[in-house]
Each structure stands twice: as C-alpha cells, then as structure tokens.
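# Architecture at a glance
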Amino acid sequence: MKEQQKAGKYQPIENPEQLEKRQLKYKYMIMAHKILSDYDYSIWIDPTIRITGDLLNFSRIYGGGHSFLGFLQTRDDCIYQDTLLTDMVDDDINISIRKRMLQYKKEGYPEYNGLLDSRVMIRKHREEKVCRVMEEWWQEWRKEEQKKGEWTEREGWVRSVR
C-alpha cells in the first residue's frame, strides 16, 4: 500500500514587523521553525531553484534520520578563503565582515569546514539544536543587515551633503 501524502496548506505571508522584501525572505528562510511551528518539518526552496524530481523521496534517501538536510557549495568550502577571494574595499560593511572572520577564528571555527548553499534546506522543527542554530543565524543576519542599513543611510547622507 502506497504511503498517503498530504498536500501542504496555503498560508499567506504575514509581515507584522513591516520588513522589507529581502528581509522578509530571509526571515522565512531562516526562522521557519517559528513561523511554521505547527509542523514537524519545513522545506525551504529558493525561487531560483527548479525541482525536477521527487523531493520527498530525496529527503528519505539522503536525510538518513538527520534533523537538517542541505547542500554544500560546490565551488567554495572555506569561509576564510571565500572572504579573501572577494574583492573587498575598505568600507564599513567589509571591515565588519573581516572582524567577524577574526572572531570566528578566535572561537575556533575550523578552516575548510564547508559552506552551506542555503537555496534548499529541509529542517526538523522539533530538534533543539537546529532551532538554536537558526536563531543564532537569524541574529547574526539581522546584525549585519542593520549595519548595512546604517552604512547605506550614512552614505546617502554624505552624498546629499556633497
């Protein structure tokens, strides 16, 4: 007997924080365990990805009982090398990124630990460790997003004064 599959339920996007489109996308991508808390799992698929096979079957085969299923980037595998290869100018945003890399090194984050390609992620919402990592990722993303906003506002002000 074939396993019965339930279709997903339509749920309109809510935006009580009045986030910008990009911010809202990342909130839904990272914080699915909060937004879809009634569900055991969530699947994030970036709009640039085209699914050509059976995602449920893929999850069963490659998930192997893990609480998180994602893909590594195929080109880069080291956060430190990725930063070095990027053409960074000495502006506030890139200085902030360099500082963050130094902090990761101090905390013992290893080189060549792989880089997540976050365009497809399958997560188990009931796993405390997964939720904690997503919460930390969201806080880190918000902090950097705020710095970008401050930099953009300041840059706009400087340009308007000139």
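Predicted, not measured: the structure shown is a model, and the values here were computed from it.

The rules behind these values
Residues numbered from 1 in each chain as written. Predicted model: local features only at pLDDT ≥ 70, side-chain atom pairs only at ≥ 80, totals over all residues. Heavy atoms only, no water. Salt bridge = Lys/Arg side-chain N within 4 Å of Asp/Glu carboxyl O. Helix = DSSP H or I, 4+ residues; strand = E, 2+ residues; numbered from the N terminus. Buried < 20%, exposed > 50% of the residue type's maximum accessible area, 1.4 Å probe, protein only. Contact = heavy atoms within 4.5 Å. Polar contact = N/O pair within 3.5 Å; in protein donor to acceptor, adjacent residues only side chain to side chain. Core = buried A, V, L, I, M, F, W, Y, C linked by side-chain atoms within 4.5 Å. Phe/Tyr/Trp six-rings, centres within 6.5 Å; stacked < 30°, edge-to-face > 60°.

## Here's the deal with the pattern of salt bridges
Two side chains bearing opposite charge may form a pair once their charged atoms approach each other closely. For the coordinates displayed, the defined rule picks out 12 salt bridges. Residue Glu-140 pairs with Arg-100 through a salt bridge whose shortest N-O separation is 3.5 Å. Of the two residues, Glu-140 is situated in helix 6 (residues 128–161) and Arg-100 in helix 5 (residues 92–106); the sequence distance between them amounts to 40 residues. What emerges from the salt-bridge pattern is a single network uniting Glu-17, Lys-27 and Arg-142.

## Some points on the environment of His-125
Assignment of secondary structure puts His-125 in the loop between strand 3 (116–124) and helix 6. The exposure class assigned to His-125 is buried, which follows from its relative accessible area of 6%. A sequence separation of 83 residues divides His-125 from Ser-42, and the C-alpha atoms of the two residues are 7.3 Å apart. Discounting residues that sit within four places of it in the chain, His-125 has contacts with Ala-32, His-33, Leu-36, Tyr-39, Asp-40, Tyr-41, Ser-42 and Cys-131. A polar contact is formed between the side chain of His-125 and the backbone oxygen of Tyr-39, at a distance of 3.1 Å.

## Observations concerning the nonpolar core
Of all hydrophobic cores here, the largest spans 9 residues; its members are Met-29, Ile-30, Met-31, Trp-44, Met-121, Val-130, Met-134, Trp-138 and Trp-141. Elements with a minimum of two residues in this core: helix 1 (21–30) and helix 6. Counting residues per element, this core draws most heavily on helix 6, which supplies 4 residues. Not counting the four nearest positions on each side in its chain, Trp-141 is found in contact with Arg-22, Gln-23, Tyr-26 and Ile-30.

## Some words on the packing of aromatic side chains
Both the distance between ring centres and the angle between the ring planes are used here to describe each pair of aromatic rings. Going through the model one piece at a time under the given rule, you end up with 6 aromatic pairs. Ring geometry for Tyr-80 against Tyr-109: centres 6.5 Å apart, planes inclined by 65 degrees, an arrangement best described as edge-to-face. Of this pair, Tyr-80 sits in helix 4 (residues 79–85) while Tyr-109 sits in the loop between helix 5 and strand 3, and the two are 29 residues apart along the sequence. For Tyr-80, a relative accessible area of 8% puts it in the buried group. Tyr-109 sits in the partly exposed class, given a relative accessible area of 34%. Here Tyr-104 and Tyr-109 contribute two aromatic rings whose centre-to-centre distance is 6.2 Å and whose plane-to-plane angle is 50 degrees, an arrangement assigned as tilted. One aromatic cluster is present, formed by Tyr-26, Trp-138 and Trp-141 through successive ring pairs.

## Regarding unusual backbone geometry
The phi torsion at Gln-18 lies on the positive side, around 55 degrees, for a residue other than glycine. Relative to the elements of secondary structure, Gln-18 occurs in the segment before helix 1. Since its relative accessible area comes to 66%, Gln-18 is described here as exposed. Of note in the backbone geometry, Tyr-112 takes a positive phi value of approximately 50 degrees without being a glycine. Looking at the secondary structure, you find Tyr-112 in the loop between helix 5 and strand 3.

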